[in-house]
Amino acid sequence: MLSAGVIEQLRDIVGADGVIARDSELRVYECDGYTLERSTPQVVVLPKSTAEVAAILTVLHSERIAFVPRGAGTGLSGGCLPIDAPVMVCTSRMKRIVAIDFANRRATVEAGVANLAVTNEVKSRGLYYAPDPSSQQACTIGGNVAENSGGPHTLKYGVTTNHVLGLELVLPSGEIVQLGGAVEDVPGYDLVGLTVGSEGTFGIVTQATLRLSRQPESWKTLLAVFESVNDATQTVSGIIAAGIVPAALEMMDRLIVEAIEAAYHFGFPTDAGAVLIIELDGLAAGLERQAQQVVEICRANHSREVKVAKDEAERAALWKSRKRAFGAVGRLAPSYCTQDGVVPRTKLPDILRAITRIGVHYRLRIANVFHAGDGNIHPILLYDERNADEVERVLAAGREILEACVALGGSVTGEHGIGVEKIQQMPLIFSPTDLLVMQQLRKVFDPTLRSNPGKIFPTPGVCVETTRPMRRAAM
Ligand SMILES: Cc1cc2nc3c(=O)[nH]c(=O)nc-3n(C[C@H](O)[C@H](O)[C@H](O)COP(=O)(O)OP(=O)(O)OC[C@H]3O[C@@H](n4cnc5c(N)ncnc54)[C@H](O)[C@@H]3O)c2cc1C
């Protein structure tokens with residue numbers, strides 16, 4: 001329990017309106033996009049600068065109080081769930097674009113800046129920030145760094161770690177450290193690489209220096225329609241095997257296409273077994289020939305139709321529909337749970353067959369929309385939160401899907417992180433020694449384990465309240 005004195009000290013740092021302590025207001029912070037588990041912090045603190053974050057963590061350090069960092073709360077693994085951490089530090093007031101160096105294509109931004117805001121800031125100069133999670137309108141750069149987030153264009157352009165040059169990090173002790181910098185190849189250990197993906201367990205990232213990319217000269221975006229999921233996944237392997245690296249290669253099955261079409265009326269064929277969105281980009285010269293090659297591979301895999309977006313407006317509408325797919329799922333069921341696993345690309349047909357089998361076994365409907373080019377699956381398990389038995393079946397089916405991913409040579413998460421959701425699955429891919437080394441590394445940054453406790457690694461004595469899941473209204 002936090003003392004009134006500590007809360008008073010926090011108010012002194014951020015001002016009275018920067019501390020949320022009323023029960024009704026705290027409910028907003030009881031979970032992220034993973035709603036199966038909930039826990040409410042005692043206070044939420046909203047700093048406006050690095051100095052305020054450092055002052056907050058200094059107070060918490062002297063009182064030995066644990067805390068949890070939070071960005072926009074769009075995470076899908078319970079990463080910002082407060083577990084044995086009474087204080088939540090939320091970056092929603094740290095939205096400053098600190099500096100843009102157009103000539104060297106760098107931007108330094110505060111942690112609370114939304115992903116898409118970076119691109120919006122630089123697009124008039126032909127630049128953009130490449131990692132593009134489907135949540136990019138809301139999710140923050142700090143959250144992206146913590147989760148090493150990806151997105152549809154990860155296939156060609158990489159994930160967050162490939163686009164972060166430097167980080168400002170406030171350690172749990174309150175000390176401020178600068179990791180990396182604006183130049184490439186800073187000597188010494190790659191502490192930026194280590195911090196990206198550390199899920200808030202090293203302290204609070206307050207600023208990031210990001211690499212900006214030049215927008216490609218030209219795009220070709222294709223929609224290929226298939227009678228079966230199997231044909232679509234064989235096409236994915238076929239395209240990559242032909243030496244083509246599309247900018248994006250996304251798959252949606254019939255259930256998700258039906259939901260998207262009902263919501264956004266793009267013109268998707270609702271009777272198709274699956275569709276692929278294939279985006280090629282680069283120099284205009286040669287793109288046409290590459291697109292033709294892709295069409296031939298689709299046809300060889302029994303595609304019944306391949307459409308090319310005829311202009312930028314059609315391309316934008318296609319992506320808008322894809323990126324809002326999760327929003328459309330509410331039409332299919334009152335509640336849903338998005339899983340996140342990875343398999344080698346060539347194993348996509350196997351994992352999709354396994355998902356179908358698991359769905360039948362547990363009597364669940366499962367929709368699939370995912371980054372097929374990366375082998376990163378996102379089965380969406382549909383259920384009704386009022387049905388306790390169905391909830392149990394969702395949890396069991398989710399576990400089985402991840403086990404199937406590992407059995408096929410994959411991993412238990414592609415981009416949503418471990419959070420609280422997948423702690424029990426860590427031993428499926430790491431030995432006890434692997435896990436010990438990671439935990440020892442964490443202690444270098446956070447010797448007393450007060451930054452986001454109860455995440456990634458099983459922690460003895462930590463408890464989390466598993467409640468009945470609620471509808472994911474925010475998505
Ligand atoms: C509709 C929808 C679509 C999505 N699509 C994608 C997708 O395509 N690709 C993808 O990778 N993810 C996707 N996600 C998941 C999610 O958006 C990402 O994980 C995102 O990076 C989370 O950012 P956030 O600001 O919401 O972080 P939060 O959810 O607030 O926090 C996530 C984690 O980061 C930590 N954290 C947050 N800020 C900081 C900070 N400043 N310093 C240290 N730690 C911090 C938290 O403690 C927590 O562990 C999607 C989510 C939704 C709801």
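Bear in mind the structure is a predicted one, so any value in this text is a computation, not a measurement.

1. Section: the overall build of the protein
At step 1: In terms of regular secondary structure, the protein is built from 16 helices and 20 strands.
At step 2: The principal-axis extent of the C-alpha atoms belonging to the protein is close to 70 × 60 × 45 Å.
At step 3: Per-residue burial over the protein gives 57% buried out of 475 residues.
At step 4: Contacts in the protein between residues at least 24 apart in sequence constitute 73% of all its contacts with a sequence separation of at least 6.
At step 5: Put simply, the protein shows about 19300 Å² of open surface, and 53% of that area lies on carbon and sulfur atoms.
At step 6: On the protein, the mean spot of the 47 positive side-chain charges and the mean spot of the 53 negative ones are 3 Å from each other.

2. Remarks on the site of the ligand
At step 1: The environment of the ligand is formed by 36 residues, the closest being Pro69, Thr74, Ser135, Thr140 and Ser149.
At step 2: A distance of 2.9 Å separates an oxygen atom of the ligand from a polar atom in the side chain of Asn144.
At step 3: Of all elements in the fold, only strand 3 (67-70), helix 5 (141-147) and strand 10 (204-211) reach the threshold of two or more residues within the shell around the ligand.
At step 4: In terms of residue count, the dominant contributor to the shell around the ligand is helix 5 (five residues).
At step 5: Residues belonging to the shell around the ligand are distributed by class as follows: twelve nonpolar, 20 polar and four charged.

3. What about the sheet that holds strand 18 (residues 365-370)?
At step 1: If you trace the seven strands from one edge of the open sheet to the other, you get 15-12-14-13-18-20-16, paired in antiparallel fashion. Edge positions in the sheet fall to strand 15 (305-308) and strand 16 (335-338), since each of these pairs with one other strand and no more. Along the sheet, successive strands turn relative to each other by an average axial angle of 20°, direction set aside.
At step 2: Bridge count between strand 16 and strand 20 (residues 379-383): four bridges; the pairing is antiparallel. The partner of Cys337 across the bridge, within strand 20, is Leu381.
At step 3: Sheet contacts for helix 8 (residues 229-241): strand 12 (218-226), strand 13 (248-253) and strand 14 (274-282); angle to strand 13, the most-contacted strand, approximately 170°.
At step 4: Running at roughly 10° to strand 12, helix 10 (residues 287-300) makes contact with strand 12, strand 14 and strand 15 of the sheet.

4. Some thoughts on the layout of surface pockets
At step 1: Each pocket or cavity is described by its volume, and for the second largest pocket that value is around 570 Å³.
At step 2: Along the wall of the second largest pocket there are 27 residues; nearest its centre are Val196, Gly197, Ser198, Glu199 and Ile418.
At step 3: Element by element, the count of residues in the lining of the second largest pocket is highest for helix 16 (residues 432-445), at three residues.
At step 4: Broken down by class, the residue content of the lining of the second largest pocket amounts to 14 nonpolar, nine polar and four charged.

5. Comments concerning the confidence of the model for the protein
Low pLDDT means the predicted coordinates in that region are not meant to be read closely.
At step 1: Residues with a pLDDT of 70 or more make up 96% of the protein, whose mean pLDDT is 93.
At step 2: Between residues 462-475, whose pLDDT stays under 50, and residues either more than four places distant or in other chains, the model counts 43 contacts.

6. What about unusual backbone geometry?
At step 1: Of note, the phi angle at Leu449 is positive, near 55°, even though the residue is not glycine.
At step 2: Assessed through its relative accessible area of 33%, Leu449 is described here as partly exposed.
At step 3: One non-glycine residue, Ile456, lies in the positive phi region at around 65°.
At step 4: Turning to its location among the elements, Ile456 is positioned in the segment after helix 16.

7. Describing the environment of Gly417
At step 1: For Gly417, the position within the fold is in the loop between helix 14 (388-407) and helix 15 (426-429).
At step 2: Residue class for Gly417 comes out buried when judged on its relative accessible area of 7%.
At step 3: Taking the C-alpha atoms as reference points, Gly417 and Asn148, separated by 269 residues in sequence, lie 8.0 Å from one another.
At step 4: Those residues within four positions of Gly417 in sequence are excluded, and the remaining contacts are Ser77, Glu147, Glu199, Asp340 and Lys422.

8. Regarding the pattern of salt bridges
At step 1: Inspection of the entire model under this criterion finds 22 salt bridges.
At step 2: A salt bridge links Lys48 to Glu52, with the shortest nitrogen-to-oxygen separation between them at 4.0 Å.
At step 3: Exposure remark for Glu52: the relative accessible area of 15% places this residue in the buried category.
At step 4: One salt bridge in this structure joins Lys310 and Glu314, with 2.6 Å as the shortest N-O distance.
At step 5: Three or more residues are tied together by salt bridges with common partners; here these are Arg27, Glu30 and Arg38.

Analysis parameters
- Residues numbered from 1 in each chain as written.
- Predicted model: local features only at pLDDT ≥ 70, side-chain atom pairs only at ≥ 80, totals over all residues.
- Heavy atoms only, no water.
- Helix = DSSP H or I, 4+ residues; strand = E, 2+ residues; numbered from the N terminus.
- Buried < 20%, exposed > 50% of the residue type's maximum accessible area, 1.4 Å probe, protein only.
- Contact = heavy atoms within 4.5 Å.
- Areas by Shrake-Rupley, 256 points an atom, 1.4 Å probe, with all protein chains shown as cover.
- Lys, Arg positive; Asp, Glu negative; His and termini not counted.
- Charge placed at Lys NZ, Arg CZ, Asp CG, Glu CD.
- Near = heavy atom within 4 Å.
- Polar contact = N/O pair within 3.5 Å; in protein donor to acceptor, adjacent residues only side chain to side chain.
- Nonpolar A, V, L, I, M, F, W, Y, C, P; charged D, E, K, R; others polar.
- Pairing = 2+ DSSP bridges.
- Axes fitted to C-alpha atoms, helices over the stretch in contact; angles between N-to-C directions.
- 1 Å grid on protein atoms, 1.4 Å probe; cavity = no way out; pocket = protein on both sides within 12 Å on 5 of 7 lines; lining within 4 Å.
- Points joined across faces, edges and corners; volume = space filled by probe spheres on them.
- pLDDT = per-residue confidence, 0-100.
- Salt bridge = Lys/Arg side-chain N within 4 Å of Asp/Glu carboxyl O.

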